[in-house]
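Below, each chain spelled out in residue letters.
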Amino acid sequence: MMLSCPICKKDEKVLLYDVSMRLYRCSHCDHTFTVVDTSYADKKIYSDAYFDSSHENWFKFPNFPLFDRIHKFILKSLKNNDFKLLDIGCGRGDLLNYLHQKEPKWDLYGIDTSTQKSDNFKFIQADFAQSSFNQKFDVVTSIMCIEHIQDINLFVDKIIGITKPEGLIIITTINAGGLMYGLARALHKIGISQAFQRLYSEHHVQHFTNKSLKALLENHGLCILSQKNPNYRLASVDYPKTYPLISGCYKIATAITFGLSTLLNNGVSQEVMCKRV
Ligand SMILES: [Zn+2]
């Protein structure tokens, strides 16, 4: 089967990377992606268990340092306070609730397929990729969402389509070129695969490096203002449910990896601030 890379569209450079996880890697732009045969909506993989059990810490300890950086970036970049912001895949609305607390006058919108309710922002229950909007936004955020999307070119096109000229687009995702991912791949090669399976689980179908995310956004004409690799909060990491001793080892290894990768500016996530030109 010939597959073409979703980013650089080259097929001769795409190689099967891992059979069991159906992972393919493009050697030209370093992008890794999962080939899926059925739509995620059909598989119902975003059940309550996704929020409550397997991602318990992730949702219990929201990424306030990131929310603070987004808040400051918007304040610095937009001169007036009269604008609309949409958060794609807003989940429970952690970012929007944070921004509302800081700036009660901001006009905040969130879209997600799950059922949410909030007085702090206007919630649209829908699949972003299949929705049409009769308004444009000054700021569009997408926090840890693009790695779940199969058609990333359509996704970026849609984001650009609903963003006003000169508007801001903020995207965060995982950093497959980070230390944590490198370690997980190295362990997988010697038969210790739990971390690898966790990081490359079926929820994540796009594994961006700095290079591949930059290429995707620039291919669509966006101007990248900054691209960083921060870690998220250590408390928000979820570990595989296993024996306490093994779980303890995971926690220590993660803490060391987070510390080292913070020093090297090669953390587990990517944070890109862009402008629509
Ligand atoms: Zn490629």
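Residues numbered from 1 in each chain as written. Predicted model: local features only at pLDDT ≥ 70, side-chain atom pairs only at ≥ 80, totals over all residues. Heavy atoms only, no water.

(A) Quick look at the coordination of the zinc ion. Distances from the zinc ion to its protein donors, Cys5 (SG), Cys8 (SG), Cys26 (SG) and Cys29 (SG), fall at 2.3 Å. With four donor atoms in place around the zinc ion and angles of 101 to 122° between them, the coordination shape is tetrahedral. All donor residues of the zinc ion come from one chain, and their arrangement in sequence is C-x2-C-x17-C-x2-C. Here Cys8, found in the segment before β1 (14-18), pairs with Cys26, found in strand β2 (residues 23-26); they are 18 residues apart in sequence, far enough to count as distant. (Donors = N, O, S within 2.8 Å, 3.2 Å for Na, K, Ca; no water. Tetrahedral: all angles 85-135°; square planar, octahedral: opposite > 155°, others 65-115°. Helix = DSSP H or I, 4+ residues; strand = E, 2+ residues; numbered from the N terminus.)

(B) Region of the structure containing the pattern of salt bridges. Here the structure, examined in full by the defined rule, presents eight salt bridges. Its salt-bridge partner being Arg69, residue Glu271 comes within 2.7 Å of it at the nearest N-O pair. Residue Glu271 is found in strand β11 (residues 269-276), and its partner Arg69 is found in helix α4 (residues 64-77); the two are separated by 202 residues along the sequence. A residue is classified by how much of its surface remains accessible, and Glu271, at 5% relative accessible area, is buried. On the basis of relative accessible area, Arg69 is assigned to the partly exposed category, the value being 31%. Across the pair Asp107 and Lys122 runs a salt bridge, and its minimum N-O distance is 2.5 Å. Highlighted residues: Asp107 in strand β5 (residues 107-112) and Lys122 in strand β6 (residues 122-125), separated in sequence by 15 residues. For Lys122, a relative accessible area of 43% corresponds to the partly exposed category. (Salt bridge = Lys/Arg side-chain N within 4 Å of Asp/Glu carboxyl O. Buried < 20%, exposed > 50% of the residue type's maximum accessible area, 1.4 Å probe, protein only.)

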